[in-house]
Amino acid sequence: MPRKKVTDVSGNGGMKRKRATGKRKDRDFSSDDEFDFEQENNKKPGKPAAKSGLQPVTVVDDVKEKIKLELPKVRGQLLIFGATNWDLIGRKEVPKQQAAFRNLGQNLWGPHRYGCLNDVQVSCVVSGPCAAHSLIMTTEGKLWSWGRNDKGQLGHGDTKRLEAPKLIEGLADQVIVSAACGRNHTMALTEDGTVYSFGENKLGQLGQGSQTDAVLSPAPISYNGQPLVKVACGAEFSMVVDCKGNLYSFGCPEYGQLGKNHHIYQPLHLYV
């Protein structure tokens, strides 16, 4: 039998990959852009568009685990240094509508203390590589926030930026054991395994079962499964883990970071 002629062979013995004509244009996607999920799904052959109407994760109350998560054991005073112009952090320039804040803030070249925290013992500090807001948890499990707040990511019921930490009153009756910061949203985990979220929700990253511009005060995510034990945020998506080790994701799926080929507005279990 004659051999088949192989023509697509590279010089190093590997198969050449056919290159598409033209240059691929990289998208600089942010939550300020409109992202057409259906159009993106349709670009991928063999993958059908997502079905709508996902149901919240639900577990009958009498089969739920009862847990009590512990706070970090660390305690101490908060020191801050570096840039403090919250509206400029992560941006090349301050947006025109926020030009009044262009010259506010300064670079702190050495450690500084906030006067409002003189009597506050801090157990954990939370921020993120794409966030321009920060959080602290106290040894009593209270959550404070400050920084940029144009989408309500500080959880104080408004969009005013804060130059110094302030207690989040909407969570004052909860014991917070963990938290996470996205670009413009925040997740907070309580000692009984409940998660609250607030901030930008344009891509469903709050997991509250809806898609809205912003949620200014803490609200529970749309979830009724086993108690949650971990929270994490990407720029415009979020993930939570329950006490059984199950992983759930929601928010923007642009690069497949949700493990599903469609947008999700509430926690969806990832089967691995």
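Residues numbered from 1 in each chain as written. Predicted model: local features only at pLDDT ≥ 70, side-chain atom pairs only at ≥ 80, totals over all residues. Heavy atoms only, no water.

Asker: How do you make sense of the side chain of Arg-161 when you look at a structure like this?
Answerer: With respect to the helices and strands, the residue Arg-161 is situated in the loop between strand E5 (143–147) and strand E6 (162–167). A residue is classified by how much of its surface remains accessible, and Arg-161, at 12% relative accessible area, is buried. Within the local environment of Arg-161, its side chain forms a polar contact with the side chain of Glu-163, the two groups lying 2.5 Å apart. (Helix = DSSP H or I, 4+ residues; strand = E, 2+ residues; numbered from the N terminus. Buried < 20%, exposed > 50% of the residue type's maximum accessible area, 1.4 Å probe, protein only. Polar contact = N/O pair within 3.5 Å; in protein donor to acceptor, adjacent residues only side chain to side chain.)

Asker: Could you clarify how one ought to interpret the packing of aromatic side chains in this entry?
Answerer: Aromatic rings in a pair are described by how distant their centres are and how their planes are angled relative to each other. Taken as a whole and judged by the stated rule, the model has two aromatic pairs. Note on Tyr-114 and Trp-146: the rings are 5.7 Å apart at their centroids and 75 degrees apart in plane angle, and the pair reads as edge-to-face. Of the two residues, Tyr-114 is situated in the loop between strand E2 (107–112) and strand E3 (122–126) and Trp-146 in strand E5; the sequence distance between them amounts to 32 residues. Trp-146 shares its class with Tyr-114; the two are buried. Look at Tyr-223 and Tyr-248: their rings are 5.5 Å apart centre to centre, the planes differ by 75 degrees, and that puts the pair in the edge-to-face class. Of this pair, Tyr-223 sits in the loop between strand E10 (212–220) and strand E11 (228–233) while Tyr-248 sits in strand E13 (residues 247–251), and the two are 25 residues apart along the sequence. Of the two residues, Tyr-223 and Tyr-248, neither departs from the other in class, the shared state being buried. (Phe/Tyr/Trp six-rings, centres within 6.5 Å; stacked < 30°, edge-to-face > 60°.)

Asker: Would you explain the side chain of His-185 in this entry?
Answerer: When you line up the elements, His-185 lands in strand E8 (residues 185–190). Within polar-contact distance, the side chain of His-185 engages the side chain of Ser-238 at 2.9 Å.

Asker: In this structure, what is going on with the nonpolar core? I would like to understand it.
Answerer: A general feature of soluble globular proteins is that nonpolar side chains tend to end up buried together. If you look at the biggest cluster of nonpolar residues, it comprises 14 residues, and the most contacted ones within it are Met-187, Val-195, Leu-228, Val-231 and Val-240. Those elements that provide at least two residues to this core are strand E7 (176–181), E8, E11 and E13. Setting aside chain neighbours within four positions, we find Val-195 in contact with Met-187, Ala-188, Leu-189, Ala-219, Pro-220, Ile-221, Leu-228, Val-231 and Val-240. (Core = buried A, V, L, I, M, F, W, Y, C linked by side-chain atoms within 4.5 Å. Contact = heavy atoms within 4.5 Å.)

Asker: Sorry if this is basic, but what is going on with the pattern of salt bridges here?
Answerer: Two side chains that carry opposite charge are able to pair once their charged atoms sit near each other. One pass over the structure, following the stated rule, counts six salt bridges. Note that Lys-151 is salt-bridged to Asp-213, the shortest N-O span being 3.2 Å. Placement of Lys-151 in the loop between E5 and E6 and of Asp-213 in strand E10 is noted, with a sequence separation of 62 residues between them. Salt-bridge contacts for Arg-161 lead to Glu-163; the nearest nitrogen and oxygen are separated by 2.5 Å. (Salt bridge = Lys/Arg side-chain N within 4 Å of Asp/Glu carboxyl O.)

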